Structures are given as structure tokens and as C-alpha cells.
Amino acid sequence: SKPDPEVFLLGANQLGLAPKRCLVVEDAASGIQAAIQGGFRSLGVGEKSILGAAEHVLPGLAGVDVTRLETLYS
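Residues numbered from 1 in each chain as written. Predicted model: local features only at pLDDT ≥ 70, side-chain atom pairs only at ≥ 80, totals over all residues. Heavy atoms only, no water.

Asker: Could you clarify how one ought to interpret the pattern of salt bridges in this entry?
Answerer: Two side chains bearing opposite charge may form a pair once their charged atoms approach each other closely. Considering all chains together, one arrives at two salt bridges under this definition. Among the salt bridges present, the one from K2 reaches E26, with a minimum N-O distance of 2.6 Å. In this pair, K2 is assigned in the segment before helix 1 (6-15) and E26 in strand 1 (residues 23-26), connecting sequence segments 24 residues apart. Its relative accessible area of 36% is what places K2 among the partly exposed residues. Of the charged contacts in the structure, one is a salt bridge between R41 and E55, with a shortest N-O distance of 2.9 Å. Taken together, the residues R41 in strand 2 (residues 41-45) and E55 in the loop between helix 3 (48-51) and strand 3 (56-58) connect sequence positions 14 residues apart. Look at E55 and you get partly exposed, because its relative accessible area is 38%. (Salt bridge = Lys/Arg side-chain N within 4 Å of Asp/Glu carboxyl O. Helix = DSSP H or I, 4+ residues; strand = E, 2+ residues; numbered from the N terminus. Buried < 20%, exposed > 50% of the residue type's maximum accessible area, 1.4 Å probe, protein only.)

The structure is reproduced here in C-alpha cells:
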């Protein structure tokens, strides 16, 4: 269970992708911690005070699309 990054690493492996090429979207601090420990990019969804370890934090996903994510992570 989180913060163990195993579930994210398994998913990346099944997709044939390196963790650094994946984005973990999480609403829990333990999920962000797991992403970081696994070498993944991270997006927190919710309160910055809780998810501040993520590379970026958004209050929600309304209006977020691939173009917006590319802008954040390029």
C-alpha cells in the first residue's frame, strides 16, 4: 500500500514505460510520496497544504486537458 510505489511501478512496467515518462495524479499525500519514491512525475489534486510535495498541485481537474498537462510538465 502507499507510500510504497509498487503499484505505480507495476503499471509503468506493464505499459513498457520508465517511471520518469509517467504522470501520477493523486489526491492523497501518501500517493504523492509513492510517486516521488518511484521516480514518477506527480500532480496533486486538492489542497496545496496537503499535497505540496507534488511537482504541481491543482484544486481540481475541471478544464484540465492534455495541452494543459503538457504546459505544466514541459
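Asker: Explanation requested: the side chain of S42 in the structure shown.
Answerer: Position of S42 among the secondary structure elements: in strand 2. Taking the relative accessible area as the measure of exposure, S42 reaches 1% and is therefore buried. A polar contact is formed between the side chain of S42 and the backbone nitrogen of E55, at a distance of 3.1 Å. Leave out the neighbours within four places in its chain, and S42 touches L23, V24, I32, A35, I36, A54, E55, H56 and Y73. (Polar contact = N/O pair within 3.5 Å; in protein donor to acceptor, adjacent residues only side chain to side chain. Contact = heavy atoms within 4.5 Å.)

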